[in-house]
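These are the residues of each chain, in order.
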Amino acid sequence: MTSTTKDLVYITGTSQLVQVTSDTSYELVVTKADADSIGTEIPRLQSLPTHLTTNKVVILDSVNSGTGRSTDKNLYEQLIKPLFDNVLRVKHEYIATVSAETITEYAHKFDNDEPTTIIFISGDTSVNEFINGLEESQHSSTITIFPFPSGTGNSLALSIDLTDEVNALQKLITSTKVSPLNLYEVEFPKGSYYLVRDEKTTEITQPLKFLVVLSWAFHASLVADSDTPELRKFGLERFKKAAFANLEQEQKYEGEFIINNGQTTISGPFAYWLITASKRFEPTFEISPQGDILEDSLYLVSFNTEDNGTYIMDIMGKVYSNGSHINDHRVSYKKLQKHDTLTLKARNLISKQKRRFCLDGSIIELPATEETELKFSVSDNVYKNRSIYIIN
Ligand SMILES: Nc1ncnc2c1ncn2[C@@H]1O[C@H](COP(=O)(O)OP(=O)(O)OP(=O)(O)O)[C@@H](O)[C@H]1O
């Protein structure tokens, strides 16, 4: 692998140029340099943003995210730790997950009243688990989130234009922009469970929040089927592999999506159905071109089942082609906003394949039933007395 060197930042007070060399591993390179001798495109750092100074800083490393941490590249050990400890002097707490419960348990116990910045080295699911794990707090407080794109899909990070870890690190230390991170809510029917590697785990007993996507049909199926140790090794390719396997079977999910008690009804059977706040799920998979994570709105993207073998790939190809699927007459693309009443009526949920939903990457299995209803809503950035923000 050829090695590349990227300029991270120039620290004006100490005249230090900080660069990152990456090949099979990362290395932080700090040299003294004269301000006039370095390129004007390198960000000048005069002082650190308050999310790294005034706030308590926690780094949550979800070590199973992406292709795991077994490779030689280790973002925290090789870049963040030396940068924070030796160069910028950012006091922080580092937590590496040891199990699938670490994040939820941390969130349950989270009782900081002081403003906290939580830096996630993960994908979307880990951030979702933290938010949903929060318990009611007596005092209102703020939690500022920063997502490194270190998982497989990284839709949240992509939504704020973070496509690689080094660019993300640059944004984390230089950006002073912090915006409310709006949350969305879904109420699953009683008897719904999380499904991990096809096994039922925790029962869902309260409405859940999501940040980027809630899906059913083809999308939920491929995310669920890709959650095996064999496929996880492939990184982003795991979704493609699971997608091809799903295309071998008919994608037919019966039901209808009802907006504002019938003002608009989008009838199935659906091959594809999701609601999302994000613009992209992968760098080139532009699922919702008008989406903006900083707005308090969702978009519905759905299309119906057809009886030819190529229509799903045809429409997916358009998603990869700058999101041009939204101009395809077969695709429903609708903005959903605060105060909209949103209901999905789903029918014939007997076979397991038909009753799996994806909530920011987690899979949820509904109980087997002839008909059920799910309710959704667009809420603000406050949950359990905590105001959630994102550095962007
Ligand atoms: N040590 C661990 N053992 C088992 N599970 C873990 C461990 N650490 C983290 N996890 C779980 O792995 C999952 C990682 O999901 P995350 O979304 O962060 O990454 P991803 O699935 O690669 O990315 P994406 O959701 O963007 O596709 C989370 O459910 C998290 O709780």
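Shown above is the structure to which this text applies.
Residues numbered from 1 in each chain as written. Predicted model: local features only at pLDDT ≥ 70, side-chain atom pairs only at ≥ 80, totals over all residues. Heavy atoms only, no water.

(A) Representation of the overall build of the protein chain. What the protein chain contains, in helices and strands, is nine helices and 25 strands. The C-alpha radius of gyration computed for the protein chain amounts to 22 Å, which stays within 12% of the reference 21 Å derived for 392 residues, consistent with globular compactness. Seen along its three principal axes, the alpha-carbon backbone of the protein chain occupies a region of about 70 × 50 × 35 Å. Sequence separation of 24 or more characterises 72% of the internal contacts of the protein chain that already satisfy a separation of 6 or more. When the accessible area of the protein chain is evaluated, it comes to approximately 17000 Å², of which 46% is carbon and sulfur surface. For the protein chain, the centre of its 38 positive side-chain charges and the centre of its 52 negative side-chain charges are spaced 1 Å apart. (Helix = DSSP H or I, 4+ residues; strand = E, 2+ residues; numbered from the N terminus. Rg over C-alpha atoms; globule rule 2.2 N^0.38 Å. Contact = heavy atoms within 4.5 Å. Areas by Shrake-Rupley, 256 points an atom, 1.4 Å probe, with all protein chains shown as cover. Lys, Arg positive; Asp, Glu negative; His and termini not counted. Charge placed at Lys NZ, Arg CZ, Asp CG, Glu CD.)

(B) Fine view of the site of the ligand. Taken together, the neighbourhood of the ligand is formed by 22 residues, with G66, T97, S126, E129 and T152 sitting nearest. Here S126 contributes a side-chain N or O atom positioned 2.5 Å from an oxygen atom of the ligand. In this structure, G153 approaches the ligand through a main-chain N or O atom, which is 2.9 Å from an oxygen atom. Protein chains shield 87% of the accessible area of the ligand, which is 640 Å² for the free molecule. At the level of elements, α3 (124-133) and α8 (237-247) are the ones that each hand at least two residues to the shell around the ligand. (Near = heavy atom within 4 Å. Polar contact = N/O pair within 3.5 Å; in protein donor to acceptor, adjacent residues only side chain to side chain.)

(C) Representation of the side chain of T21. Looking at where T21 falls in the secondary structure, it is placed in strand β2 (residues 16-22). With relative accessibility at 16%, the residue T21 sits in the buried group. Those residues within four positions of T21 in sequence are excluded, and the remaining contacts are S3, T4, T5, Y26, E27 and V29. (Buried < 20%, exposed > 50% of the residue type's maximum accessible area, 1.4 Å probe, protein only.)

(D) Fine view of the packing of aromatic side chains. Taken as a whole and assessed by the stated rule, the structure comprises 20 aromatic pairs. Ring geometry for F110 versus F130: centroids 5.6 Å apart, planes at 90°, classification edge-to-face. Residue F110 is found in the loop between α2 (102-109) and β7 (116-122), and its partner F130 is found in helix α3; the two are separated by 20 residues along the sequence. Exposure remark for F110: the relative accessible area of 5% places this residue in the buried category. (Phe/Tyr/Trp six-rings, centres within 6.5 Å; stacked < 30°, edge-to-face > 60°.)

(E) Spotlight on the sheet that holds strand β20 (residues 342-349). Judged by pairing direction, the sheet is antiparallel, and its six strands sit side by side in the order β13-β10-β23-β20-β15-β16 without closing on themselves. The sheet is open, and its two borders are formed by β13 (208-210) and β16 (264-267), each paired with just one other strand. Across the sheet, the axes of successive neighbouring strands diverge by a mean angle of 20°, strand direction being ignored. Taken together, the three bridges between strand β10 (residues 184-187) and β13 define a ladder with antiparallel strand orientation. Its bridge partner being in β13, V186 is matched across the sheet by L208. (Pairing = 2+ DSSP bridges. Axes fitted to C-alpha atoms, helices over the stretch in contact; angles between N-to-C directions.)

(F) Representation of the packing of helix α6 (residues 217-225) against α8. In the contact formed by α6 and α8, the axes pass within 8 Å of each other and the chain directions differ by 120°. With respect to each other, α6 and α8 are oriented oblique. The element α6 and its partner α8 pack so that their crossing is right-handed. Touching F218, S221, L222, V223 and D225 of α6 are F239, A242, A243, N246 and L247, all from α8. The residue inventory of the contact of α6 with α8, partitioned by class, reads seven nonpolar, two polar and one charged. (Parallel < 35°, antiparallel > 145°, perpendicular 65-115°, else oblique. Left-handed = near helix turned anticlockwise from the far one by under 90°. Nonpolar A, V, L, I, M, F, W, Y, C, P; charged D, E, K, R; others polar.)

(G) Looking closely at the nonpolar core. Among the nonpolar cores identified, the biggest contains 119 residues, and F84, F130, F188 and F257 are the most heavily contacted of them. Of all the elements, helix α1 (residues 75-88) adds the most residues to this core, at eight residues. By size, the runner-up hydrophobic cluster in this structure holds five residues, among which are Y10, L17, A33 and I38. (Core = buried A, V, L, I, M, F, W, Y, C linked by side-chain atoms within 4.5 Å.)

(H) View of the pattern of salt bridges. Tallying each qualifying case throughout the model produces 20 salt bridges. We note a salt bridge from R197 to D227, for which the minimum N-O separation is 3.6 Å. Here D227 lies in the loop between α6 and α7 (229-232) and R197 lies in the loop between β11 (193-196) and β12 (199-203), a separation of 30 residues in the sequence. The exposure class of D227 is buried, given its relative accessible area of 15%. Across the pair R330 and D314 runs a salt bridge whose closest N-O atoms are separated by 2.7 Å. Taken as a pair, R330 in the loop between α9 (311-320) and β19 (331-337) and D314 in helix α9 lie far apart in primary sequence, 16 residues in all. Given a relative accessible area of 23%, R330 falls into the partly exposed group. Each of E306, D314, K318, D328 and R330 takes part in a single network of salt bridges with overlapping partners. (Salt bridge = Lys/Arg side-chain N within 4 Å of Asp/Glu carboxyl O.)

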